[in-house]
Amino acid sequence: MMRQALVVATLAIFALIGGPPPAAAQVTPAPPLEIFHGFTLIDGTGRAPIADAAISVRGNEIVTVWSRRELLSGPSAPRDAIVINLGGGYVIPGLIDAHVHLSTSPNREAAEAELYRLLYAGVTAVRDMAGDGRALASLARDSRLGEIDAPDVYYSALMAGPQFMTDPRPQAAAAGAVAGQVPWLQAITPQSDIPLAVAMAKGTYATGIKIHADLAAAEVARITQEAHRQGMQVWAHSMVVPARPLEVIQSDVDVVSHVCDIAWEAMNTVPPRYHHDMTPQYGSFTAGSAVFTQLFGEMVSRGTILDATLATYVRQDASRDLLPYDLPGGCDIAFARSLVRRANELGVAIAAGSDFTSHPDDPFPALYEELEELVIGGGLSPMDAIVAATSTAARSIGIEATQGTLAHGRPVSFVLLREDPLVDIRALRSVQSVWKNAERFDRTDYRSRFPRDDVAETRPVAGGGAASTQALLDAWLAMWRPYDLDQVAALFVNDDALSYFPSDREGLIQGYAAVRGYLEGLGFVSGGFQPESEMWLEEVTVSDFGESAVVGAVWYFGNRLNRRAAGRGPLTMVLARVGEGWRISHVNFGNYQPER
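The structure contained in this document is the topic of the report that follows.

## Description of unusual backbone geometry
The phi angle of most residues is negative, glycine excepted, and most peptide bonds adopt the trans form.
Working step 1: Note that the residue after Val-241, namely Pro-242, is joined by a cis bond; omega there is 5°.
Working step 2: Tracing the chain through its elements places Pro-242 in the loop between strand 12 (233–237) and helix 9 (245–250).
Working step 3: With a phi close to 75°, Asp-252 is a non-glycine residue in the positive phi region.
Working step 4: Among the structural elements, Asp-252 can be located in the loop between helix 9 and strand 13 (255–257).
Working step 5: Its relative accessible area of 36% is what places Asp-252 among the partly exposed residues.
Working step 6: Positive phi values are uncommon outside glycine, yet Tyr-483 reaches one of about 55°.
Working step 7: As for its placement among the helices and strands, Tyr-483 is situated in the loop between helix 17 (469–480) and helix 18 (488–491).

This is the structure in structure tokens:
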């Protein structure tokens, strides 16, 4: 009786204050059932694609993945669903970059710009391989709550020997504190309390521990065993120094990074401590040598994943003096590619991780270069590469229960492509739309958000033109990356003195208006777009004569990872000082025969 009176009194109070009773306040209508169809499905498992597929979703949960006929026309087909025809194309799971660095030296604006580019390119999760844990925790929180447009961020806390903590990278990532003495960057010795160290790392909200360098095999094993006991992933360099690759793998780490460093397993001796430029002596072994067969067999039996980072070495080799960021030590590219092929042949699980950042003007992130290199150089099939960036990459983070494949109960995170990536892996760049946690991002809405510290140099100054010859050359290349017609007026002299010999036709184009018209005919548009090919220069020389300068170079146009198929030839440019700045007054493109 007392309880009944209390209930009546409670309802009366809610009636007086005009609010619903608690039970009514908690009732939320179920989201409608939506069915997407009109595409071929590549589900991330490696199984054959499903033509004319359909996916039903309710809110942010996949209900069913099936053929369109069964889902829309079968006896159990829902009658009240919202049906959405995607109009053709190919659907894949959201991609995962298994090796990024967002905050070695934290810059929130640049990190958000990179994450924004990743998301609009189809990447819905990333694995950060160590940096400033304070910044990473903030990015991880905001990305997972949807407070920033970004892939979900998962990251590591780093452990290494005390010697490594003098490296500039941990110094930058521990700014304001002491590298080696913070929970996200810990110096480990044989005397370290490993259970405490792991607990401190876990307290940073890190998903995994990265084992970097200057640790013996015994320490690698101790860290790995304790991290697994506390429910953390363990990610290691393949060569920890002095711990060798096989010792690292036998410690039961979950992932090893950098295929080039696996070559150290064949060396009689290894360096006593880590150095960024340490290089094994190539030539006395091949990818088929017994030492690597044993090592890859051990990886298969233990389920160890290889994060190859192949493209980062290719970029280093092709543009050693041109890149503004620090890359790992020397690597025999042909050997690295053959080692990836051998690992794949023997059944080693390979995850796609970039380990570098593409230029801010590049409309696509570095992951695409890694995927293309894994296929073109590493011998993976396009399907293998997609698995490497979906289900295997998810497993490398430990999120395979929810990410990496499209199936019942998983979040609504997928990518719609215009072209078939199983025919050409470069078709992954034909992104039309991305769904992350049921929110849609259309590729046509992407605009770079990168801070441009160099804008002042390339923007016209008081007398017109760029601030230096190098700034003008950089701006000219930036014009080609998005085919941006809006940049043309600021780069060239705007009168009849401008002359231009193109590579695709005979004869001279004279005057600014004619040159601008020629570029429009090539496809340049206001605001730019994302061309499939890239313009880059090699063997660049600049001779400055005060009021004029001459640029000599070899131009390439195509795909950096398939240089032999790229167009190329000699380039001569004359730059003229206009007032206080520089502009282009003459361009001469020549042609070479294709590389054999």
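Following the structure, the description resumes.
## Description of helix 7 (residues 194–202)
Working step 1: Every buried residue of helix 7 is accounted for by Ile-194, Ala-197, Val-198 and Ala-201. Seen along its axis, helix 7 keeps its buried residues to an arc of 95°; they face one direction.
Working step 2: Of the surrounding secondary structure, the elements contacted by the buried residues of helix 7 are strand 8 (152–160), strand 10 (185–187), strand 11 (208–211) and helix 8 (217–229).
Working step 3: Two or three places before Leu-196, at the start of helix 7, stands the capping residue Asp-193, its side-chain oxygen 3.2 Å from that residue's backbone nitrogen.

## A look at the state of the cysteines
Working step 1: Inspection of the entire model under this criterion finds one disulfide.
Working step 2: Across the disulfide, Cys-260 is cross-linked to Cys-331 (sulfur-sulfur distance 1.6 Å). A torsion of -50° about the S-S bond marks the disulfide between Cys-260 and Cys-331 as left-handed. Placement of Cys-260 in the loop between strand 13 and helix 10 (290–302) and of Cys-331 in the loop between helix 11 (310–318) and helix 12 (333–345) is noted, with a sequence separation of 71 residues between them.

## Remarks on the nonpolar core
Working step 1: Grouped together as the largest cluster of nonpolar side chains are 110 residues, with contacts concentrated most on Leu-115, Ile-209, Ile-211, Val-259, Phe-296 and Leu-306.
Working step 2: In terms of residue count, helix 4 (residues 108–120) provides more of this core than any other element does, seven residues in total.
Working step 3: Those residues within four positions of Ile-209 in sequence are excluded, and the remaining contacts are Ser-156, Ala-157, Met-159, Val-198, Ala-201, Ile-223, Ala-227, Met-232, Gln-233, Val-234 and Trp-235.
Working step 4: Listed in part, the 36 residues of the second largest apolar core include Ala-471, Val-488, Leu-491 and Leu-571.

## Some points on the sheet that holds strand 21 (residues 534–544)
Working step 1: Within the open sheet, the six strands sit side by side as 20-19-24-23-22-21. Their pairing is mixed. The sheet terminates laterally at strand 20 (509–510) and strand 21, the two strands that pair on one side only.
Working step 2: One ladder, built from nine bridges, connects strand 21 with strand 22 (residues 548–558); its direction is antiparallel. Along strand 22, the bridge assignment pairs Val-542 with Val-551.
Working step 3: This element, helix 17, spans strand 19 (499–501), strand 21, strand 22, strand 23 (567–578) and strand 24 (581–589) of the sheet and lies at about 165° to strand 21.

## Considerations on the packing of helix 10 against helix 12
Working step 1: Running from amino to carboxyl end, helix 10 crosses helix 12 at an angle of 50°, the nearest separation of the two axes being 10 Å. Here helix 10 is positioned oblique relative to helix 12, judged by the angle of their axes. Remark: the crossing between helix 10 and helix 12 carries right-handed chirality. When helix 10 is examined against helix 12, the residues Phe-292, Thr-293 and Phe-296 are found in contact with a partner set consisting of Phe-335, Leu-339, Arg-342 and Ala-343.
Working step 2: The residue makeup of the contact of helix 10 with helix 12, split by class, is five nonpolar, one polar and one charged.

## A closer look at the packing of aromatic side chains
Working step 1: Inspection of every chain in the model, using the stated rule, returns 25 aromatic pairs.
Working step 2: Ring plane angle 70° and centroid distance 5.6 Å describe the contact between Phe-36 and Trp-435, whose orientation is recorded as edge-to-face. Pair noted here: Phe-36 is in strand 1 (residues 33–41) and Trp-435 is in strand 17 (residues 431–436), with a separation of 399 residues, a long-range link.
Working step 3: Between the aromatic rings of Trp-476 and Trp-480, the centroid separation amounts to 6.1 Å while the plane-to-plane angle is 75°, which identifies the pairing as edge-to-face. Pair noted here: Trp-476 and Trp-480 are both in helix 17, with a separation of four residues, about one helical turn.
Working step 4: One aromatic cluster is present, formed by Trp-476, Trp-480, Tyr-483, Tyr-500, Tyr-518, Phe-524, Trp-555, Phe-557 and Phe-589 through successive ring pairs.
Working step 5: Positioned above the aromatic ring of Phe-364, the side-chain terminus of Arg-443 is 4.2 Å from the ring centre.
Working step 6: For Arg-449, the ring lying beneath its charged end belongs to Tyr-116, and the centroid distance is 3.6 Å.

## Digging into the side chain of Ser-143
Working step 1: Tracing the sequence through the fold places Ser-143 in helix 5 (residues 133–145).
Working step 2: Among the polar contacts listed, one links the side chain of Ser-143 to the backbone oxygen of Ala-140, at a separation of 3.0 Å.
Working step 3: Not counting chain neighbours up to four residues away, the residues in contact with Ser-143 comprise Ile-148, Ala-150, Pro-151, Asp-152, Val-153 and Lys-436.

Conventions and cut-offs
- Residues numbered from 1 in each chain as written.
- Predicted model: local features only at pLDDT ≥ 70, side-chain atom pairs only at ≥ 80, totals over all residues.
- Heavy atoms only, no water.
- Helix = DSSP H or I, 4+ residues; strand = E, 2+ residues; numbered from the N terminus.
- Buried < 20%, exposed > 50% of the residue type's maximum accessible area, 1.4 Å probe, protein only.
- Arc of directions from axis to C-beta.
- Contact = heavy atoms within 4.5 Å.
- Polar contact = N/O pair within 3.5 Å; in protein donor to acceptor, adjacent residues only side chain to side chain.
- Disulfide = S-S within 2.5 Å.
- Core = buried A, V, L, I, M, F, W, Y, C linked by side-chain atoms within 4.5 Å.
- Pairing = 2+ DSSP bridges.
- Axes fitted to C-alpha atoms, helices over the stretch in contact; angles between N-to-C directions.
- Parallel < 35°, antiparallel > 145°, perpendicular 65-115°, else oblique.
- Left-handed = near helix turned anticlockwise from the far one by under 90°.
- Nonpolar A, V, L, I, M, F, W, Y, C, P; charged D, E, K, R; others polar.
- Phe/Tyr/Trp six-rings, centres within 6.5 Å; stacked < 30°, edge-to-face > 60°.
- Lys NZ or Arg CZ within 6 Å of the ring centre and 35° of its normal.

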